[in-house]
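Take a look at the letters that make up each chain.
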Amino acid sequence: MALPSAALSFCCVSFNPQASLFRQCSIKPSRLSSPSLPRFRIQVESGNAPFEADDSSLVVCFGEMLIDFVPTTSGLALAEAPAFKKAPGGAPANVAVGIARLGGASAFIGKVGEDEFGYMLANILKENNVNNEGMRFDPGARTALAFVTLRKDGEREFMFYRNPSADMLLQEAELDFELIKKAKIFHYGSISLITEPCKSAHIAAVKAAKEAGVILSYDPNLRLPLWPSADSAREGILSIWDAADIIKISEEEISFLTQGEDPYDDNVVRKLYHENLKLLLVTEGPEGCRYYTKEFSGRVKGLKVEAVDTTGAGDAFVAGILSQFALDTSLLQNEDRLRDALRFANACGALTVMERGAIPALPTRETVLNALLKPVT
């Protein structure tokens, strides 16, 4: 199956882009002047009300960072591709960069090889104003690589090089617990649960965040070829399911986790809604997304765009919603405001599928706001 979902998109709405002052979280945070995330209104207004996104709204992303090699020509098998474009990737790292591009404060915790690719990835995080103090470098393992085949519809198939790669070797003793504990949101996937020692590091990081009162965000990001079997993947993904406060899944992942049940049936989706969950999001590609809370549920429609490469679309969506939720957790108590936030997140995903690669395609806040005023054609 090709995951995450295909082109995410958005509706055209009017909004009140309040200008704000954010502090970008990097090795040495600097203050950058830029407008805040949108508050959608009937009328377009302007203003300069100051706001500062500091460590109190920090999103820490945990997991893998790697190099994606994306063919320059779509619709061909890997062996037939004439050339590949080197692109930084890895779902948690994509989310961290996506949040920083949108003006939020973010950090990444993970491990890369002590090699040229590893140093390149660390620099890319720093250049994008992502705090990379939690990165570790392994002298005995290489940075992970993934060759990504793009079909004519922009969907992907993967060939991974991890035997083992450095991200799999992160140890609990290497975790930056202080960074984890000061986060507003701790975001992670499931790939780091596949093998030891990273599995134990992942569980320890989630436990520390939970005990510190940090909001937990989980995107399973299923990559079945990396798991020993389908059963082990299902068991591994569900092993930490009940800890999360926010979960984002795709239609394909619902079918996988429920062993073939209808992902469009709300009763099926509700089976995955655990007692302590605050928000369950289901991405539906060009159709938009669905949302479920204890109080309400619904769908935010999307607009189809021409998909060049869906790599990173789901991660851009996650970055879009977390960047807003980190600033204002009361979104969950107001359905209209949550829907506005999801329109913004859908726009982030839609813009990302229009370019090749994950991190290179992640949009800035200005680009998203312009797209919301004027639909992409």
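Residues numbered from 1 in each chain as written. Predicted model: local features only at pLDDT ≥ 70, side-chain atom pairs only at ≥ 80, totals over all residues. Heavy atoms only, no water.

Some words on the pairing of strand β5 (residues 59–62)
Part 1 of the argument: Side chains V59 and C61 of β5 all project onto a buried face; the interleaved residues V60 and F62 project onto the opposite face, where all are buried too.
Part 2 of the argument: Of the strand pairs in this sheet, β5 and strand β8 (residues 106–113) are connected by 4 bridges, and their pairing is parallel. Residue pairing across strands places C61 opposite F108, the latter belonging to β8.
Part 3 of the argument: Where β5 lies against strand β12 (residues 185–188), 4 bridges are found, and the strand directions are parallel. Bridge pairing links F62 to Y188 in β12. (Buried < 20%, exposed > 50% of the residue type's maximum accessible area, 1.4 Å probe, protein only. Helix = DSSP H or I, 4+ residues; strand = E, 2+ residues; numbered from the N terminus. Pairing = 2+ DSSP bridges.)

So, empty space enclosed by the protein
Part 1 of the argument: Under the criterion given, the structure shown has 5 cavities of 30 Å³ or more.
Part 2 of the argument: Quantified by volume, the largest cavity comes out at close to 190 Å³.
Part 3 of the argument: As for the largest cavity, its lining consists of 20 residues, and the residues nearest its centre are G90, A91, F158, N221 and R223.
Part 4 of the argument: Secondary structure elements with two or more residues in the lining of the largest cavity: β6 (66–71), α1 (91–101) and β11 (156–161).
Part 5 of the argument: Here the lining of the largest cavity gets 3 residues from one element, more than from any other, and that element is β11.
Part 6 of the argument: Its residues placed into classes, the lining of the largest cavity shows 8 nonpolar, 6 polar and 6 charged.
Part 7 of the argument: In this structure, the second largest cavity spans a volume of roughly 60 Å³.
Part 8 of the argument: Surrounding the second largest cavity, G63, E64, R162, D167, M168, I191, S192, I194, T195 and C198 form its lining. (1 Å grid on protein atoms, 1.4 Å probe; cavity = no way out; pocket = protein on both sides within 12 Å on 5 of 7 lines; lining within 4 Å. Points joined across faces, edges and corners; volume = space filled by probe spheres on them. Nonpolar A, V, L, I, M, F, W, Y, C, P; charged D, E, K, R; others polar.)

A few points about the sheet that holds strand β13 (residues 215–218)
Part 1 of the argument: Strand order in the open sheet formed by 9 strands is β9-β8-β5-β12-β13-β14-β15-β16-β17, and the pairing between neighbours is mixed. In this open sheet, the two edge strands, each paired with only one partner strand, are β9 (131–138) and β17 (297–301). The average undirected angle you get between the axes of adjacent strands in this sheet is 15°.
Part 2 of the argument: Pairing of β8 with β9 involves 6 bridges; the strand directions are parallel. Each residue of the ladder has a partner; that of V112, found in β9, is F137.
Part 3 of the argument: Packed onto the sheet, helix α2 (residues 116–127) meets β8 and β9 and runs at close to 175° relative to β9. (Axes fitted to C-alpha atoms, helices over the stretch in contact; angles between N-to-C directions. Contact = heavy atoms within 4.5 Å.)

Structural notes on the pattern of salt bridges
Part 1 of the argument: Per the stated rule, a full pass over the model turns up 14 salt bridges.
Part 2 of the argument: One salt bridge connects D219 with K248, and the closest N-O pair in it is separated by 3.8 Å. Linking D219 in the loop between β13 and α5 (230–239) with K248 in strand β14 (residues 246–250), this pair joins segments that are 29 residues apart in sequence. Across the pair, exposure class does not vary: D219 and K248 are buried alike.
Part 3 of the argument: Two residues, E284 and R290, come together in a salt bridge whose shortest N-O distance is 2.5 Å.
Part 4 of the argument: E284 sits in the buried class, given a relative accessible area of 4%.
Part 5 of the argument: Since its relative accessible area comes to 2%, R290 is described here as buried.
Part 6 of the argument: The structure contains a network of salt bridges with shared partners spanning D266, E284, R290 and R299. (Salt bridge = Lys/Arg side-chain N within 4 Å of Asp/Glu carboxyl O.)

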